[in-house]
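# Structural description and commentary
The chain contents come next:
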Amino acid sequence: MSAPVIETRGLCKSFGPQKVLDGVDLTVARGESLVVIGGSGTGKSVLLRTILGLESADAGEVLLDGEPASAAVRARFMRDFGMLFQNAALFDSLPVWRNVAFRLLRAMPAVQARTRAVERLARVGLGPEVADRMPADLSGGMRKRVGLARAIAADPKVIFFDEPTTGLDPQRAAAINRLIRDIVTETGATAVTITHDMTSVRTIADRVALLDHGRLRWQGPVAQMDKADDPVLRAFVQGEPLDWGPRAATGPRG
Amino acid sequence: MTRAAPNPFRPDPIRAVGRATLALLRGIGAVAIFAARGLAAPGFSPRLLAEQLLRIGWLSLPVVGLTALFTGAALALQINAGGERFQAGDVVPAIVAIGMVRELGPVLGGLMVAARVASSIAAEIGSMRVTEQVDALVTLSTDPMGWLVTPRLWAAILSVPVLVGVGDTIGIMGGWLIGTTTLGFTSQAYLANSWAYLETWDVLSGLLKGAAFGFIVALAGCWFGMKAGRGAAGVGRATTNAVVAASVGILAANFVLTGLFFT
């Protein structure tokens with residue numbers, strides 16, 4: 001059996017006195033689509049950022065393709081990696097097509113990279129006329145779709161989606177969910193998605209992990225999510241109103 | 001012999017000075033490492049360098065030119081007014097030229113570039129940081145230092161001396177304008193007097209100062225931009241800090257370089 005693509009062991013991260021990750025043990029197998037759910041401020045984004053080395057862990061270990069995540073291992077991992085950021089994180093100074101083709105421009109001539117970028121834009125429902133526009137001229141939903149086109153442009157083996165449907169109307173959100181599922185199925189890419197959107201969870205996930213107060217409270221196949229006994233998971237899935245008790249205290253990032 | 005436990009409520013000036021000194025040294029070390037990485041980070045792109053040369057150099061030309069013009073003109077009036085007290089009005093062209101190329105051209109040019117460029121770099125990189133664009137670069141296998149910092153540092157080091165050279169010329173022409181229209185110099189006499197006392201080292205030292213000031217301006221903008229806190233307030237603070245640090249850095253570096261070059 002091959003090593004998991006991503007593994008975290010006892011991952012801890014605090015911001016000042018606030019413990020955001022408190023010993024997270026997570027495994028993501030090759031080709032699976034894992035969706036991490038949890039309330040706002042439970043450390044989901046911090047978990048992704050710590051795996052990628054954008055935040056340094058206070059304790060614990062990250063393994064990528066079975067190896068401890070040194071700078072060289074991370075650099076190798078990033079070569080076949082794509083990420084959709086929560087607010088798209090498009091480069092303001094570059095036109096849309098250069099954003100999408102950012103990685104491709106290092107590997108092929110500009111004309112070819114542009115053609116590929118336009119194809120990827122079409123895949124997320126954007127026409128070729130968008131290619132020469134600047135990110136500032138796009139609506140929030142369009143920026144998100146351009147971000148998705150950039151994430152999949154180079155056919156990565158691992159893709160992270162940070163709140164992929166936030167800010168989209170229900171129809172576009174459904175289309176993005178379907179697209180993410182199709183990409184994972186067609187290419188065999190490993191996907192880790194963070195979301196609050198239960199429709200996304202049911203469409204995208206093979207497996208679900210619930211992060212609560214910095215720990216993985218529950219994880220299992222998406223089919224078992226609705227049958228699980230865990231009261232916190234059940235409350236989250238059914239969207240029960242939150243009890244504003246002291247446990248609602250959260251970290252600085254989602 | 002037992003030692004008394006330290007009283008937490010009693011101020012300990014020695015410890016406070018020690019902490020402040022260590023913090024200062026840590027800060028200087030961090031900036032030095034950042035600068036060294038910024039100058040030599042991998043991923044050099046001629047396209048990015050050309051873009052920054054245009055933004056830092058070419059687009060700063062109007063403000064540096066106007067500053068030099070007015071400074072040269074005012075300098076001519078001042079030297080004439082002061083020089084007349086001891087019948088030395090004839091030295092106006094030489095002192096304007098030497099004053100511009102050695103001191104006022106580089107310092108005022110540097111300060112104008114600091115106001116325009118350090119703020120713009122800090123705001124741009126700071127905004128990129130808070131909107132996760134810097135993180136996006138990392139996920140696209142691109143070193144943010146090579147993409148953002150290296151082209152800005154080299155563009156400023158290369159373009160500010162050129163701006164200083166152009167500013168020096170315009171400043172001398174500002175003095176010439178006043179000299180020929182108000183102070184009774186002929187054009188030929190003014191220019192001949194300007195060149196007669198000007199030495200190569202006067203010009204060269206000013207251009208070297210310009211390179212150092214360009215480096216300080218871009219370094220301040222990049223450093224504070226990369227360290228910007230979250231949100232609009234964080235970017236605002238980064239911008240202010242960059243301009244203040246660049247301006248003070250230029251004045252301090254000018255003192256040190258003047259001492260090195262002319263004593």
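Numbering of residues starts from 1 in each chain and follows the order in which that chain's sequence is written. Each chain is given a letter, starting from A, and each ligand a number, starting from 1, according to the order in which they appear as written. Selection of residues for local features in this predicted model requires a pLDDT of at least 70, selection of side-chain atom pairs for listing and counting requires 80 or more, and totals for whole chains, interfaces and linings are taken over all residues.

### What about the sheet that holds strand E3 (residues 33-37) of chain A?
Residue and element names in this part refer to chain A. A sheet is described by the order of its strands in space; here 6 strands give the open sequence E6-E7-E8-E3-E9-E10, paired in mixed fashion. Here the strands that pair on one side only, and so sit at the sheet edges, are strand E6 (81-84) and strand E10 (215-221). Strand-to-strand twist of the sheet, defined as the mean angle between neighbouring strand axes without regard to direction, takes the value 15°. Any two strands with at least two DSSP-identified bridges between them are counted as paired. Secondary structure elements are defined from DSSP: runs of H or I of at least 4 residues count as helices, runs of E of at least 2 residues count as strands, and each element is numbered from the N terminus. Pairing geometry for E3 and strand E8 (residues 190-194), over 4 bridges, is parallel. The residue bridging Ser33 from the neighbouring strand is Ala191, located in E8. Note on definitions: angles span 0 to 180 degrees between N-to-C directions of axes, and those axes are lines fitted to C-alpha atoms, for helices only across the stretch in contact.

### A word on the confidence of the model for chain B
Low pLDDT marks stretches whose predicted atomic positions should not be read closely. Values of pLDDT, which run from 0 to 100, indicate the predictor's confidence residue by residue. When pLDDT is averaged across chain B, the result is 91; 97% of the residues are at 70 or more. The ipTM, which scores confidence in the relative placement of chains, is 0.88 for this predicted complex, and the corresponding pTM is 0.85.

### What about the interface of chain B and chain A?
The contact rule is simple: place each C-beta atom from the backbone, and if two of them lie within 7 Å, those residues are in contact. On the chain A side, the residues contacting the 9 residues of chain B number 13 residues. Each residue is assigned to one class: nonpolar for Ala, Val, Leu, Ile, Met, Phe, Trp, Tyr, Cys and Pro, charged for Asp, Glu, Lys and Arg, and polar for all the others, Gly among them. The residue makeup of the side of chain B that touches chain A, split by class, is 3 nonpolar, 4 polar and 2 charged.

### Some words on the environment of A:Val73
Residues and elements named next belong to chain A. Its place among the elements puts Val73 in helix H2 (residues 71-78). Each residue is classified by how many other C-beta atoms fall within 10 Å of its C-beta atom, where C-beta atoms are placed from the backbone; a count of 20 or more means buried, 12 or fewer means exposed, and values in between mean partly exposed. On the neighbour-count criterion, Val73 (17 C-beta atoms within 10 Å) is partly exposed. Along the chain, Val73 and Leu63 lie 10 residues apart, while their C-alpha atoms are 9.0 Å from each other.

### A word on the UniProt feature "transmembrane region" (unreviewed entry) in chain B
Summarizing the sequence annotation, UniProt attributes the feature "transmembrane region" (unreviewed entry) to residues 21-44, 56-77, 153-178, 207-226 and 238-262 of chain B in the numbering used throughout. Regarding residues 56-77 of chain B, the helix share stands at 86% and the strand share at 0%, and the terminal C-alpha atoms are separated by 31 Å. UniProt positions are given in the numbering used here, feature names are shortened, and annotations may be inferred rather than shown by experiment.

### Re the environment of A:Arg172
Inspection of the secondary structure assignment puts A:Arg172 in helix H6 (residues 170-187). For A:Arg172, a count of 17 C-beta atoms within 10 Å gives the class partly exposed.

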